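Results of the structural survey
Residue strings, one per chain:
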Amino acid sequence: MSLDDLNTVLPEVVVTATACLVLLADAILDRKLARFWLPLLVVLGLISAIFSGPITVASHTAFGGFVVVDTFTAFFRVLFCILAIFATIVAPEYLERRAIPAGAFYATILFSTVGAMTIALATDLITIFVGLELMTIPIYVLAGMARRDRYSNEAGLKYFLLGAFSSAMLLYGFAWLYGLSGTTTFVGIAEAVAKGGLTDGATLVALALVTVGLAFKAAVVPFHQWTPDAYDGAPTPATAFMSVAPKAAAFAAILRIMIGSLGPLGLDWSAVFAILAAITMTGGNVVALVQGNVKRMLAYSSIAHTGYILAGVAAYQAGASASAAVLFYVFAYGIMNLGAFACLIYLDLDGTRGASLDELNGFARRQPAGALAFAVFLISLTGIPPTIGFVAKVFILQPVLDAGLVWLAVAIALNAALAAFYYLRVVVHMYMYDVDANAPRLLRTDLLSAGLGIAGLAVVVIGIVPDGLYRWALQAAAPFVR
Amino acid sequence: MPDYNLSYFYVFAFFLVGAGFVTGLLGLSRFIAPRKPSIEKSRTYESGEEPVGQAWGRYPSHFYIFALLFVVFDVEVIFLFPWAVLFRSLGWSGLIEMAVFILILVVGLFYAWRKQVLRWY
């Protein structure tokens, strides 16, 4: 290990150090000081992590070719840090109310962020697997962090069992890939594929195992069964984080592996992905329609969004615009979905469950700012202009049409219309119904409102002027252009 | 048949012989041994003591935390041994790397200690 190696992964080092500092501070400071300093420490650490890494950079490998920093890495590093900051800002009051240990919560989020960033760095199957485990193991802990709540316990256990299962499957797929190509580096595998060496049944086995493993991580139908229970039972700030960061990281892994190293494969895996995308968006939306619990509905809606993003992956033959659309959508999804889950934090309910539709009646009158933010996120998730969600859907549709997948584009459009019903129903309940007599108490949360305000503003502003972010996404997709 | 396939065959044959031997002996004793069950004979064996309670009873699991810590430091030692063997050739950078590695574990231990996890009660 040389100094150059360390310098290459400086943002990851900064986040790890911040996590250790948070643990130390939590162990030393008394409760009152900790309440103020811990979130501040986390946010400062993450911001310095963002600025300690380059934004645009020529591809640079380190650690003997195990790690690469390119524009793709830079994009995801910033995204993961932003998501972690957002998840930290919305959490403090909720954690205090539920007596969830705050220091452990923040440190766990930070460790998970390091894992996600490692996936973005990966240029080797081993690095990507280490990153995946480092990301998901803290998430299992986050899901079960409300120790006295049995739904939280169920969420943690279910996520752990299925996560471990999918990791094993992915690892087995990696082993097959290694056995076939004789190397674990993406470049080496891509070369072996380009030589046409891999077209037999064994490749099919490797491809199937890797696809299923990654599909589990990204919650693609029919590998999504853990998602609703895990998202519903986990403490809400944890749900907000685990519904976006691992999914974004799973798509980083999918882009690196499927397009970066298996892109030139003779087998047409994109057809499988197109079918999975259509099943996923339809399945998620149809089940979301009948949910009375808003948290569970958002969990199914996040499955539907996986389908939209997967459509962009399936259209990879359209070139850079497809990968850029995936990156843009992942960014948009990250902010609006985290925001939508975070809006549920206002409602001070028993346990970790989410609010029912009726409990949101008249929310706009009781908490105008929160309701406005929630409405903005829901409209963005629906895909109505002028929001980032609308722009993201347009960017996904273009490469899907370019790749000749007209039926998939039609499926996306139909699904967006279907989804509008259940998203806008929540808005109607918030704005047009009277407050119930036994409506739940609301948390007083200035920090949460501030965080949601910034995110809501970002959703609208990027929705009106998306060029900057899209150009950045195009740059980030450059490593996948041949 | 190539050599390595043949060695798989040996493993399989060994498995068959072993399974046959055990089934054969147990089956034989089933047929020729006398069977006179009594309450004392069919009672759960607890090393000669009178059996107490059910096997499904709850028992305290404080000790898991020490088992967990043991695993952590056991794994640490796995990394320390190869480092110690190559201590001279790795030089200062090796020393610093190992210090960082141990420091991270110490942070965890310190946290556990301050949070009263190590207290026995």
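Here the structure is a predicted model, which is why all the values come from computation and not from measurement.

Things to note about the overall build of chain B
A tally of regular secondary structure across chain B gives four helices and zero strands. Secondary structure elements of chain B occur, N-terminal to C-terminal, as α-α-α-α. For 121 residues, the compact-globule formula gives about 14 Å, and the C-alpha radius of gyration of chain B, at 27 Å, lies well above that figure. Taken over the C-alpha atoms alone, chain B extends approximately 70 × 60 × 20 Å along its principal axes.

A short note on the domain arrangement of chain B
Assigned domains within chain B: domain 1 (3-42) and domain 2 (64-114). Inter-centroid distance (C-alpha atoms) of domain 1 of chain B to domain 2 of chain B is 46 Å.

Description of the nonpolar core
All names here are of chain A. Grouped together as the largest cluster of nonpolar side chains are 191 residues, with contacts concentrated most on Leu-110, Phe-241, Ala-311, Phe-328, Tyr-329, Leu-408 and Ile-412. Per-element tally for this core: the top contributor is helix H16 (residues 320-343), with 18 residues. Of the domains in this structure, domain 1 (1-158 + 225-256) and domain 2 (268-482) are the two that each give at least three residues to this core. Setting aside chain neighbours within four positions, we find Ala-311 in contact with Ala-274, Ala-277, Ile-396, Val-400, Leu-408 and Ile-412.

A short note on the packing of helix H8 (residues 150-181) of chain A against helix H10 (residues 201-218) of chain A
Residues and elements named next belong to chain A. Orientation of H8 relative to H10, taken along the N-to-C sense of each, is 150°, at an axis distance of 8 Å. Judged by the angle between their axes, H8 and H10 are roughly antiparallel. Crossing angle aside, the handedness with which H8 passes H10 is left-handed. Across the interface between the two elements, Leu-162, Ser-166, Met-169, Leu-170, Tyr-172, Gly-173, Trp-176, Leu-177 and Leu-180 from H8 touch Ala-202, Thr-203, Val-205, Ala-206, Leu-209, Val-210, Val-212, Gly-213, Leu-214, Phe-216 and Lys-217 from H10. Here the residues of the contact of H8 with H10 sort into 15 nonpolar, four polar and one charged.

Rules of the game
Residues numbered from 1 in each chain as written. Chains lettered and ligands numbered in written order. Predicted model: local features only at pLDDT ≥ 70, side-chain atom pairs only at ≥ 80, totals over all residues. Helix = DSSP H or I, 4+ residues; strand = E, 2+ residues; numbered from the N terminus. Rg over C-alpha atoms; globule rule 2.2 N^0.38 Å. Domains from an automatic or database assignment. Core = buried A, V, L, I, M, F, W, Y, C linked by C-beta atoms within 7 Å. Buried ≥ 20, exposed ≤ 12 C-beta atoms within 10 Å, placed from the backbone. Contact = placed C-beta atoms within 7 Å. Axes fitted to C-alpha atoms, helices over the stretch in contact; angles between N-to-C directions. Parallel < 35°, antiparallel > 145°, perpendicular 65-115°, else oblique. Left-handed = near helix turned anticlockwise from the far one by under 90°. Nonpolar A, V, L, I, M, F, W, Y, C, P; charged D, E, K, R; others polar.

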